[in-house]
Amino acid sequence: MTALLALLLLACRAAWTPGGPGRFSVDPPQGWEVTRNYRWLGTDNLVLARDAAAISLTVQPSRGRARELPLGVLASVRALSWGRRLGVQSAILAEHEVLVDGRRGYAVTGVRRWRRELIGYTTVMVRTEARLVELTLFAPPALLDAQALAWQGVLESLRLHEPAPPTPIFVEEQWPP
């Protein structure tokens, strides 16, 4: 059994390689190190860390209710339900739409408490035709603002290797009379 588990873990491919093929590309901020980088069962996971902060990127197949729910509802539900079974209490402080790689995204910012620990977070959800992308910045609330440049750099450099949906264009002449 242990040998099978070891073989399965060795079979995990890297989710991201600099300049390499994959489902996405991103430029890690300077001074941040890759602490997790794997693809498992069709889901890509990449975690960048620096000091007490971390940036998590997950690209997973979009299916079931995740495909049906509006992006804002999905982002809020994911943010509030994270760790709830373990006793993590979450609160949302702000929500707004963002643009990531030319696609509509939804950002949720808040705090989480587990026992005596308090952590600030910002989660951005982006949906493609076949995938759901979740990016999260975690840091102690006092350090969250200090990570803004690194977080902005990740959001601006993220490229999803899937075609973006066409931008709807409003043309007055095509509008019904």
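Up top is the structure these notes are about.
Residues numbered from 1 in each chain as written. Predicted model: local features only at pLDDT ≥ 70, side-chain atom pairs only at ≥ 80, totals over all residues. Heavy atoms only, no water.

Nonpolar side chains collect at one region of the surface, where Tyr38, Trp40 and Leu41 lie side by side and expose about 330 Å² of accessible area between them. Within the secondary structure, leucine 41 is located in the loop between β2 (33–40) and β3 (43–50). Using a relative accessible area of 72% as the deciding quantity, one classes leucine 41 as exposed. (Patch = residues over 30% accessible without salt bridge, like charges linked within 9 Å, V, L, I, M, F, W, Y side chains within 5 Å. Areas by Shrake-Rupley, 256 points an atom, 1.4 Å probe, with all protein chains shown as cover. Salt bridge = Lys/Arg side-chain N within 4 Å of Asp/Glu carboxyl O. Helix = DSSP H or I, 4+ residues; strand = E, 2+ residues; numbered from the N terminus. Buried < 20%, exposed > 50% of the residue type's maximum accessible area, 1.4 Å probe, protein only.)

Over the atoms, a rolled probe matching the size of one water molecule traces out where space is still vacant. Quantified by volume, the largest pocket comes out at close to 670 Å³. For the lining of the largest pocket, the elements supplying multiple residues, two or more each, are β2, β3, β4 (53–61), α3 (71–81), β6 (103–114), β7 (117–127) and β8 (131–139). Broken down by element, the lining of the largest pocket gets its largest block of residues, five residues, from β4. Among the residues forming the lining of the largest pocket, the class breakdown is 15 nonpolar, seven polar and six charged. (1 Å grid on protein atoms, 1.4 Å probe; cavity = no way out; pocket = protein on both sides within 12 Å on 5 of 7 lines; lining within 4 Å. Points joined across faces, edges and corners; volume = space filled by probe spheres on them. Nonpolar A, V, L, I, M, F, W, Y, C, P; charged D, E, K, R; others polar.)

Taken as a whole, this structure holds seven salt bridges when the rule is applied. Here aspartate 44 makes a salt bridge to arginine 39, at a shortest N to O gap of 2.6 Å. By relative accessible area, aspartate 44 is classed as buried at 0%. The structure contains a network of salt bridges with shared partners spanning Arg23, Arg39 and Asp44.

Across 10 bridges, the pairing between β6 and β7 is antiparallel. Residue pairing for β7: arginine 112 is matched across the bridge by isoleucine 119. Where β6 hands over to β7, the hairpin turn is made up of two residues, of which arginine 115 adopts a positive phi near 55 degrees. Alignment of β7 against β8, held across eight bridges, turns out to be antiparallel. Within the sheet, the bridge partner assigned to valine 124 lies in β8 and is leucine 135. Linking two consecutive strands that pair antiparallel, namely β7 and β8, is a turn of three residues. (Pairing = 2+ DSSP bridges.)

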